[in-house]
Amino acid sequence: AGFVPPDVETWLVKRMQAPHVTHVVNVPSTPIGWTAGKWGEWYADMESGGKPTVAIPKPYWQSGWRTQHDRLVQTAADMKGRIPLFISGDLHAIGYGRMLASGSANLSANPVHSILAGPLGTGTGWPSGRRGMIPQVPHGVQFDELLPVVEQNGFILADFTPELVTVRFFKWDRRTQTIADMDTLEPFRTVELLRKG
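The paragraphs below set out a description of the structure included in this document.

Time to look at the nonpolar core. Counting 27 residues, the largest nonpolar core has Met16, Ile32, Val73, Met99, Leu107 and Val112 as its most contacted members. Of all elements in the fold, only helix 1 (6–17), helix 2 (63–77), strand 7 (112–117) and strand 8 (141–150) reach the threshold of two or more residues within this core. Looking at which element gives the most residues to this core, the answer is helix 2, with four residues. Apart from residues lying up to four places away in sequence, Ile32 is in contact with Trp42, Tyr43, His69, Val73, Phe86, Met99, Val112 and Ser114.

Okay, structure coming up:
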C-alpha cells in the first residue's frame, strides 16, 4: 500500500529527478519528520503518556506508507545541487528540522528540510489538547529539530532565488492581535537554505 497512489509517486520522483528544475518543493498535507500519533500519517506511532510509541498497533496503518515515505525522502536527498524541501501544515504548529535518516534511507549527505508552515485559523483548542501530545519526532527517524514545534498561530514567507531559499517564520496571536497587525509583524526566526554545487 502507498500513502499516495503509484502514479502520484511516479510523478513526484520524475519531478525531483528532472535535471532542468532549479527548485522542487514538496507540499504534502501530512508533514514528514513529526508525528502527532494520529491515524492519517506516514508513521506507525501512537500517543501514549504524551509520547509517541510503536508498542501500540495503530489501527488501519499500513507499513507501505512508511516504505513509500522512505523512497520519497531518499529521492529528495538524491537531488544533485538542489535543496530537498518539504513544507506542510496539518499539525497546527510552526516548526523546522532536517531529516538525516529514515529507516534504511541515509540522507546525511543532503539532509531533507521539513517545515511546519503554521496555522492561521486555529482557535483556542490546539490539537495537542485533544491528542494529548504536541507533534514529536517519530520512531525510526533521525531528525534535527532546529525550531522545536510551537503551537501558535503563524505562517511563513519563503523567498526563492536561483541559489537560495530564505524562509521567515512569523507568529500571530488571534486573541491579542488584529488581522491588521500582520502587516507589521517581524519574523521570529529566519532560515537560509543554500543550494549545494
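After that view of the structure, there is still more to cover.
This part is about the pairing of strand 9 (residues 154–160). In this structure, strand 9 lies alongside strand 10 (residues 164–171), joined through seven bridges in antiparallel fashion. Note on strand 10: the bridge partner recorded for Gly154 is Lys171. Two successive antiparallel strands, strand 9 and strand 10, enclose a turn made up of three residues.

Right, let's get into the pattern of salt bridges. Under the counting rule described, the total for this entry stands at seven salt bridges. A salt bridge links Glu41 to Lys58, with the shortest nitrogen-to-oxygen separation between them at 3.5 Å. On the criterion of sequence distance, the pair formed by Glu41 in the loop between strand 1 (25–26) and strand 2 (46–48) and Lys58 in the loop between strand 3 (51–53) and helix 2 is long-range, its members being 17 residues apart. By relative accessible area, which is 2% here, Glu41 ends up buried. Asp144 serves as the salt-bridge partner of Arg98, at 3.3 Å between the closest nitrogen and oxygen. In this pair, Arg98 sits in strand 5 (residues 94–102) while Asp144 sits in strand 8, placing the two residues 46 residues apart along the sequence. Accessibility expressed as a relative area gives 26% for Arg98, which makes it partly exposed. Accessibility expressed as a relative area gives 29% for Asp144, which makes it partly exposed.

Taken together, Val25, Val27 and Phe160 make up a surface patch of nonpolar side chains, about 250 Å² in accessible area. Mapping Val27 onto the fold places it in the loop between strand 1 and strand 2. On the basis of relative accessibility, which here comes to 61%, the residue Val27 falls in the exposed class.

Once that is clear, we can look at the sheet that holds strand 11 (residues 189–194). Spatially, 9-10-11 is the arrangement adopted by the three strands of the open sheet, whose pairing is antiparallel. What marks the edges here is a single partner per strand, and that holds for strand 9 and strand 11. Across the sheet, the mean angle from the axis of one strand to that of its neighbour is 15 degrees, orientation sign disregarded.

Here Asp45 lies in the loop between strand 1 and strand 2. Here Asp45 is in contact with Thr35, Gly37, Pro52, Thr53, Val54, Lys58, Pro138 and His139, once residues within four sequence places are set aside.

Our next topic: the layout of surface pockets. Taken as a whole, the largest pocket spans an internal volume of roughly 280 Å³. Of all elements in the fold, only helix 1, strand 1 and helix 2 reach the threshold of two or more residues within the lining of the largest pocket. Residue contributions to the lining of the largest pocket peak at four residues, all from helix 1. When the residues that make up the lining of the largest pocket are grouped by side-chain class, the tally is 14 nonpolar, four polar and one charged. Approximately 150 Å³ is the volume attributed to the second largest pocket. Asn110, His113, Leu193, Leu194 and Lys196 are the residues nearest the centre of the second largest pocket, which is lined by 13 residues in total. Those elements giving two or more residues to the lining of the second largest pocket turn out to be strand 5 and strand 11. For the lining of the second largest pocket, the residue count by class is six nonpolar, two polar and five charged.

Calculation rules
Residues numbered from 1 in each chain as written. Predicted model: local features only at pLDDT ≥ 70, side-chain atom pairs only at ≥ 80, totals over all residues. Heavy atoms only, no water. Core = buried A, V, L, I, M, F, W, Y, C linked by side-chain atoms within 4.5 Å. Buried < 20%, exposed > 50% of the residue type's maximum accessible area, 1.4 Å probe, protein only. Helix = DSSP H or I, 4+ residues; strand = E, 2+ residues; numbered from the N terminus. Contact = heavy atoms within 4.5 Å. Pairing = 2+ DSSP bridges. Salt bridge = Lys/Arg side-chain N within 4 Å of Asp/Glu carboxyl O. Patch = residues over 30% accessible without salt bridge, like charges linked within 9 Å, V, L, I, M, F, W, Y side chains within 5 Å. Areas by Shrake-Rupley, 256 points an atom, 1.4 Å probe, with all protein chains shown as cover. Axes fitted to C-alpha atoms, helices over the stretch in contact; angles between N-to-C directions. 1 Å grid on protein atoms, 1.4 Å probe; cavity = no way out; pocket = protein on both sides within 12 Å on 5 of 7 lines; lining within 4 Å. Points joined across faces, edges and corners; volume = space filled by probe spheres on them. Nonpolar A, V, L, I, M, F, W, Y, C, P; charged D, E, K, R; others polar.

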